[in-house]
Amino acid sequence: MHMADALLSPTVGAAMWAVSAGGVALCSARLCRERDDRLAPLMGVLGGFLFAAQMINFSIPGTGSSGHLTGGLLLAILLGPSAALLTVASVLMIQAFFFADGGLLALGCNIFNLGIVPALLVYPLCYRRLIGTAPGRLRETVVTFVSALLAMQLGALSVVLETAASGISALPLDKFLLLMQPIHLAIGLVEGAVTLAVVSFLRKARPELLARQSGPSATSTRLTLAGCLICALLIAGGLSRFASVKPDGLEWSVAKLTGATSLPEHRAGLPALLTALQHKTARFPEYQIAPAAAPGQAPAAASTAPQGMAVAGKGSGVAGAVGTVITVLLVAGAALILRRSGRAAVAPEA
Amino acid sequence: MASVHGALLDLKRLDLLARGGTSLHRLDPRAKVLATLVFIVCVVSFGPYQLSALIPFFIFPACLIAAGRLPAGYLAGKVALVAPFAVAVGICNPFFDRGILLHLGPLEVSGGWVSFASIVVRTALTVTAALTLTALTGFAPICRALVRLGMPKTFAMQLLFLYRYLFVLAEEAGRASRARELRSFGRKGKGLASYASLLGHLLLRTWQRAERMHMAMLARGYTGTFLAAECGRFGARELLFVLFWSALCIIMRLYNGAELLGSLVTGYLS
């Protein structure tokens with residue numbers, strides 16, 4: 001469920017970075033105030049635990065597939081929301097830097113989807129509200145499953161919304177939703193089962209670990225947290241809507257182009273589509289038109305502006321491809337030269 | 001998901017690369033972080049149908065990999081491994097977006113394929129840049145750089161703790177996972193029951209380790225913060241590095257270098 005850089009527009013990426021950075025800063029400040037210095041090493045090693053646990057699979061009976069723990073909710077149950085968010089965020093950061101899961105710009109999205117949603121949204125607003133002080137077995141089961149499902153569904157929903165708002169993928173919003181939500185229903189069930197199993201194991205083995213967190217929690221901090229989150233969501237939502245205007249226009253223009261087949265329409269439609277691509281070639285029309293028009297038509301100067309645009313449009317595909325190949329060769333050559341000179345510089349030392 | 005041991009090996013290899021001694025390794029981490037951020041923002045700010053304009057951006061990771069003497073093949077393999085989500089979403093583009101966008105002679109390329117290729121190129125660029133940054137800098141220096149750029153100290157401490165104990169815990173988890181595999185027959189014995197007790201025991205051991213660590217830290221005079229030596233300074237070299245790459249990225253963002261070059265060449269040929 002990791003979001004990827006390649007599917008993000010900078011607006012959405014920056015908005016989600018701002019939201020996640022705000023969340024991390026808020027939780028850091030809260031932990032600083034609490035001054036529980038046992039927590040620092042505990043969070044560190046639990047992050048390591050989460051990192052490793054995410055790579056151990058178990059087989060799901062009857063399906064032939066396997067699942068694993070995602071862990072946001074489990075950590076929130078064990079550590080409380082603030083510490084859980086920091087732990088999940090740190091694991092995501094390791095994954096972004098070392099395994100490039102997601103990416104650096106998408107880190108904000110990933111911290112939101114996998115950290116803020118379960119730890120700051122689902123845990124305080126759903127899990128803690130419903131579970132009460134001394135839950136029975138049935139109640140605990142139901143609440144854990146509901147919370148895990150909710151966390152997964154919300155996370156998947158925000159992946160879809162972020163992708164749609166960025167407009168890099170042409171996947172329609174409804175189809176993407178229909179693809180993601182059922183898959184994450186299954187993943188949410190798995191997550192709920194694992195979380196419940198681990199929590200009940202801990203309850204049997206060392207109940208005092210769980211008792212630590214189920215003490216009374218301040219309502220005011222919870223309220224402020226919820227308020228901050230709603231603000232953040234509103235900001236993100238507003239920014240996304242602002243960002244989604246442009247791709248919609250582009251898709252619309254593509255749809256319009258497919259319907260139009262005649263050449264004059266083609267001429268009118270292409271410049272609108274290849275805005276940036278063509279912009280550059282149209283700015284230097286002499287590169288394109290003068291040599292191309294010379295063999296065909298003697299009066300090259302007679303070519304009017306729209307004709308010039310059309311020629312540039314037709315040629316831009318070829319020019320782009322040729323330019324791409326040449327640039328790749330140039331980059332590779334530069335890298336080779338740099339490397340060779342590096343070796344030459346090392347050789348006398350060795 | 002990869003095996004725990006495989007992931008650990010990967011992590012150690014990148015960590016070892018960061019110990020290199022080239023001038024790029026010695027550069028202040030903040031300069032590299034900033035330049036990489038500018039690069040990534042420039043790359044992702046292109047529209048979905050732009051492909052040729054993205055190609056010149058390969059100069060940044062290529063130069064860093066070459067000058068930092070990093071193993072290019074290894075990094076390329078890692079990039080190929082981590083692309084699946086972006087590719088999985090991107091591969092839908094050709095099916096939903098069939099408008100003809102490019103004419104390569106007689107060949108007509110639909111907008112979906114162009115945007116799919118653009119997504120793949122973006123993935124390659126951003127992932128390579130991130131991995132190159134890690135391989136040139138190392139995780140702890142990146143954390144220190146981020147703190148000096150404004151990251152909360154509590155979070156930085158969490159990151160450093162995690163990074164220190166990640167190896168220990170992952171080894172332990174890897175051993176437990178291997179033991180379970182040896183004792184199970186195919187898929188039998190890998191169900192939820194054994195998985196939950198495996199994770200539970202791992203969690204208990206983790207917790208006990210944390211308690212021991214806390215006591216050891218207290219015994220050594222831990223007061224809630226780490227003392228970190230302030231090393232590295234943002235000198236003229238760093239400034240030059242950031243300015244050069246930022247300027248280059250912005251120029252490449254504004255002018256489509258590949259397109260200009262191509263039209264120049266095709267213009268002379270025809």
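Reading the values: rules and limits
- Residues numbered from 1 in each chain as written.
- Chains lettered and ligands numbered in written order.
- Predicted model: local features only at pLDDT ≥ 70, side-chain atom pairs only at ≥ 80, totals over all residues.
- Helix = DSSP H or I, 4+ residues; strand = E, 2+ residues; numbered from the N terminus.
- Buried ≥ 20, exposed ≤ 12 C-beta atoms within 10 Å, placed from the backbone.
- pLDDT = per-residue confidence, 0-100.
- Contact = placed C-beta atoms within 7 Å.
- Nonpolar A, V, L, I, M, F, W, Y, C, P; charged D, E, K, R; others polar.
- Domains from an automatic or database assignment.
- Axes fitted to C-alpha atoms, helices over the stretch in contact; angles between N-to-C directions.
- Parallel < 35°, antiparallel > 145°, perpendicular 65-115°, else oblique.
- Left-handed = near helix turned anticlockwise from the far one by under 90°.
- Pairing = 2+ DSSP bridges.

Digging into the overall build of chain A
A count of helices and strands for chain A gives 14 helices and 2 strands. Per-residue burial over chain A gives 48% buried out of 350 residues.

Topic: the confidence of the model for chain B
Here chain B averages 83 in pLDDT, and 95% of its residues register 70 or above. Scored as a complex, the prediction yields pTM 0.75 and ipTM 0.84.

A few points about the interface of chain A and chain B
Each partner contributes to the interface: chain A provides 102 residues, whereas chain B provides 106 residues. By residue number, the principal contributor to the side of chain A that touches chain B is helix H14 (residues 305-346) of chain A, which donates 19 residues. Residues that form the side of chain A that touches chain B fall into these classes: 67 nonpolar, 26 polar and 9 charged.

Some details on the domain arrangement of chain B
Residue and element names in this part refer to chain B. Each domain of chain B was delimited in the assignment, giving domain 1 (1-138 + 233-260) and domain 2 (152-228). Here the C-alpha centroids of domain 1 and domain 2 sit 33 Å apart. Taken together, the 4 residues of domain 1 in the interface contact 6 residues of domain 2.

Observations regarding unusual backbone geometry
All names here are of chain B. A positive phi angle is found at Arg69, which is not glycine, with a value near 50 degrees. Mapped onto the elements of the fold, Arg69 is located in the loop between helix H4 (59-67) and helix H5 (72-82). Taking the C-beta count within 10 Å as the criterion, Arg69 has 18 such neighbours and is therefore assigned partly exposed.

Observations regarding the packing of helix H1 (residues 10-34) of chain A against helix H4 (residues 81-98) of chain A
Residues and elements named next belong to chain A. One way to put it is that H1 packs onto H4 with a least axis distance of 9 Å and a crossing angle of 130 degrees. With respect to H4, the element H1 is oriented oblique. For H1 against H4, the interelement crossing comes out left-handed. Facing Gly23, Val24, Cys27, Ser28, Arg30 and Leu31 of H1, the residues of H4 in contact are Ser82, Ala83, Leu85, Leu86 and Ala89.

What to know about the pairing of strand E2 (residues 107-110) of chain B
Residue and element names in this part refer to chain B. Note: strand E1 (residues 100-104) against E2, 4 bridges, orientation antiparallel. Bridge pairing in E2 links Leu102 to Val109. Counting the residues in the hairpin turn of E1 and E2 gives 2 residues, including Gly105, whose phi is positive at 60 degrees.

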